[in-house]
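# Chains, contacts and geometry: an overview
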Amino acid sequence: MTVPAIRLTAHGDLVSAVGALLGYHPTESLVLIAFGAGSSRIGPVIRADLPPVGEVEVHTSRMLAMVPPEYHDHAVLVTVSARPREDAARDAALVLTAAGVRVTASVHTSGTRPGHRWVCLDPGCAESGTVPAPPAELAARAAFNGRATLDSREAIEQALAPVDPETLARRAQLLAADACAGVPGVGQVVDDYLAHRVLDDDRVLALVAALADQRGVVEQLRERSSDLRAVLEALVPATPAPWSARPAAYLALAALLHGDGAHAGAAAAAATRADPTSLLAQLVGAVARRYPSPDTVRRLLTRF
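Residues numbered from 1 in each chain as written. Predicted model: local features only at pLDDT ≥ 70, side-chain atom pairs only at ≥ 80, totals over all residues. Heavy atoms only, no water.

### Let's talk about the sheet that holds strand β6 (residues 128–130)
This is how the line gets drawn: For two strands to pair, DSSP has to find at least two bridges joining them. Numbering goes from the N terminus for both helices and strands, where a helix is a DSSP run of H or I of at least four residues and a strand is a run of E of at least two. Each axis is a line fitted through C-alpha atoms, taken for helices only over the stretch in contact, and angles between the N-to-C directions span 0 to 180 degrees. The contact criterion used is simple: two residues touch if any of their non-hydrogen atoms lie within 4.5 Å.
Strands sit in the order β2-β1-β3-β4-β5-β6 across an open sheet of 6 strands; the sheet is mixed. The open sheet terminates on both sides in strands that have one partner only, identified here as β2 (42–49) and β6. Recorded for the sheet is a direction-independent mean angle of 20° between the axes of neighbouring strands. Strand direction decides the pairing type here: strand β4 (residues 102–109) and strand β5 (residues 117–120), joined by 3 bridges, are antiparallel. Looking across to β5, one finds that T109 is bridged to W118. On top of the sheet, helix α2 (residues 56–65) reaches β1 (29–35) and β2; it is set at about 40° to β1, its chief contact. Helix-sheet contacts for helix α3 (residues 86–98) involve β1, β3 (74–80) and β4, and the interaxial angle to β3 is about 160°.

The following block contains the structure:
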C-alpha cells in the first residue's frame, strides 16, 4: 500500500493534523511543525509543554535543536491552550526567525479535536473557525501504520504499563530458566503473533528469544516496521523487567520510523526503566531524545 504524501495549507487543517501527527491530542502545548526547503510535505513535529510567560524563547530553542538541519527551511507554530497565549506564538516565532527558519503560519487553538475553536495569529490575519476532521491522507497513513489517536500523552504510557504482577512473576521464572525450546526467527514469531493476536507464555518466551537476533530485528524494522511495531506494543507490557528492555527499545525505533516521537519517547523511557544498564536502551534513548527524522533512523539502521 502506498500512503499519500501529507500536504496541508489551510489553518484549520493544520490544527486538525496535530493530534494525528503526535499520536494523541495535546493540551497546554507548543507545537512546532517543521518543513524542508521547497516542500510542503510535513517533516518532524515537536511538542513541548506550553512554557510560562517569559520562558518561551529557551524552550523554543530546545525544540529547534531537535529538528534535523534539512528541516530548518520553514515551520508552522500551533499553541494549544484554553487560555489566550499570543505571547507564546510571538516569542517562539522570534526565535525561529532569528535562526533563519521562516514561520509561515501561527495558530492558536483551544484543542485539536473536531469542533475546537482556532484563530490565526499571523500578522494581518483575521481568520478563525472550528477544527475540522483530519484530512483523508492522515487517516490513510494512520490506517497503514495501525495507529489510533489517543486522548492524551498519559494514555501512551498507560498502554505500555506492565500487566498483572502474577503473570509477570511467572514469566520471569521461565525466562530466567531459559525455558524457550529452540529459537525461531524474528519473522516467524512476528507472523505467529499476527495470526493469533494472543500472547501466552510460550509466545512471550519465543519473542524475547527471537529479539536477541539484532540483525533479524533490524531487517524486520526495515521491511515491515508496522507489523513488528504491533507485536512489540503487545509484548512490552506482557514481559517482565529486565527482559522487556529490548522489545521496548526496538519499539521506540519502530515508532521513530513512523515519525511518532511521543510513542518513541515513552517506549525508550520504558526500556531504560526496565534495565538501566542496557546499552541498547541507552543508545535508543539518546536517539529518541534527538527526535530524528524517519530517513535518519533508516540510515542509522544500516549501521546496526
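### Digging into the packing of α2 against α3
Here is the rule: For classification purposes, an angle smaller than 35 degrees is called roughly parallel, one larger than 145 roughly antiparallel, one from 65 to 115 roughly perpendicular, and anything else oblique. What makes a crossing left-handed is the near helix being turned counterclockwise from the far one by less than a right angle; a clockwise turn instead makes it right-handed. Lys, Arg, Asp and Glu make up the charged group, whereas Ala, Val, Leu, Ile, Met, Phe, Trp, Tyr, Cys and Pro make up the nonpolar group; the residues left over, Gly among them, are polar.
Running from amino to carboxyl end, α2 crosses α3 at an angle of 50°, the nearest separation of the two axes being 9 Å. Judged by the inter-axis angle, α2 sits oblique to α3. Considering how the two elements wind past one another, α2 and α3 form a crossing that is right-handed. Here α2 contributes V56, E57, T60, S61 and L64 to the contact with α3, which in turn contributes D87, A88, D91, A92, V95 and L96. By residue class, the composition of the contact of α2 with α3 is 6 nonpolar, 2 polar and 3 charged.

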